[in-house]
Amino acid sequence: TYIPDLHNMFLDSKYQKFVDSQVNSPFRENSYKIAIYRNPIDRWISACEYHYQLTKNSYLKFDYEIDDIIYMHQKGIIIPTISQFKPMTYWLGEDKSIYNATYDVKNINELMQELNILLGVDIDPIWEHRQIYEKYHKSNLTSSQILAIKNLYAVDYTNGWCSYD
């Protein structure tokens with residue numbers, strides 16, 4: 001039995017466009033599309049910590065200072081090729097209007113409650129992001145670092161996946 005890689009297939013906006021063009025019209029018209037997005041600053045810090053944790057016991061460590069990671073990201077050195085650092089627009093597309101609902105990951109329980117109603121099931125809304133942060137912390141970012149990260153994800157702000165507040 002072939003089991004597709006759902007993470008890469010359904011999170012990649014290029015695949016989403018393929019599905020939209022290939023799925024028969026009645027199914028597509030009756031589907032309910034949901035997008036889950038995350039604040040770029042939180043995503044960026046989480047990506048840094050994820051790669052630090054992933055490599056901390058290996059020869060090639062992801063153990064850089066924040067300014068160095070920002071610089072590498074700005075210059076296109078390695079960082080932009082790592083999926084966790086890609087903007088939400090890469091995964092969800094430029095047009096939010098194709099989704100019936102969008103949810104900030106911080107409000108995931110609202111989505112679960114809506115799914116309970118839509119699907120007639122009882123999903124326990126207890127999801128919580130539980131990443132342990134050893135090296136990288138949002139509270140340690142300077143205002144210039146926050147601005148630099150926001151500039152790296154300008155496309156997400158432009159496309160409405162997040163706001164500048």
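Residues numbered from 1 in each chain as written. Predicted model: local features only at pLDDT ≥ 70, side-chain atom pairs only at ≥ 80, totals over all residues. Heavy atoms only, no water.

*Asks:* Account for the packing of aromatic side chains, with residues named and values stated.
*Replies:* Each aromatic ring pair is summarised here by two numbers: the centre-to-centre distance and the angle between the ring planes. Applying the stated rule across the entire model yields eight aromatic pairs. Ring geometry for Trp-44 versus Phe-85: centroids 6.1 Å apart, planes at 75°, classification edge-to-face. On the criterion of sequence distance, the pair formed by Trp-44 in helix α4 (residues 40-55) and Phe-85 in the loop between α5 (66-75) and α6 (88-92) is long-range, its members being 41 residues apart. There is no split in this pair, since Trp-44 and Phe-85 are both buried. Look at Tyr-99 and Trp-161: their rings are 5.8 Å apart centre to centre, the planes differ by 75°, and that puts the pair in the edge-to-face class. Here Tyr-99 is found in the loop between α6 and β2 (101-104), whereas its partner Trp-161 is found in the segment after α9 (154-158), with 62 residues between them in sequence. By the burial criterion, Tyr-99 is buried, and Trp-161 matches it. Among the aromatic residues, those joined into a cluster by ring pairs are Trp-44, Tyr-52, Phe-62, Tyr-64, Phe-85 and Tyr-136. A cation over a ring is seen here: Lys-86 above Tyr-90, with NZ or CZ 4.8 Å from the ring centre. In this arrangement the basic side chain of Lys-96 is found over the ring face of Tyr-37, its NZ or CZ atom lying 5.7 Å from the centre. (Phe/Tyr/Trp six-rings, centres within 6.5 Å; stacked < 30°, edge-to-face > 60°. Helix = DSSP H or I, 4+ residues; strand = E, 2+ residues; numbered from the N terminus. Buried < 20%, exposed > 50% of the residue type's maximum accessible area, 1.4 Å probe, protein only. Lys NZ or Arg CZ within 6 Å of the ring centre and 35° of its normal.)

*Asks:* Would you mind going over the pattern of salt bridges in detail, with residue names and values included?
*Replies:* In the structure shown here, the tally under the stated rule is five salt bridges. We note a salt bridge from Asp-42 to Lys-138, for which the minimum N-O separation is 2.9 Å. Pair noted here: Asp-42 is in helix α4 and Lys-138 is in the loop between α7 (108-119) and α8 (143-152), with a separation of 96 residues, a long-range link. Overall, the relative accessible area of 39% leaves Lys-138 in the partly exposed class. Here Lys-135 ties to Glu-65 by a salt bridge, and the two come within 3.9 Å at their closest N and O atoms. Residue Lys-135 is located in the loop between α7 and α8, and its partner Glu-65 is located in the loop between α4 and α5; the two are separated by 70 residues in the primary sequence. (Salt bridge = Lys/Arg side-chain N within 4 Å of Asp/Glu carboxyl O.)

Interpretation in functional terms is not warranted from these geometric data alone.
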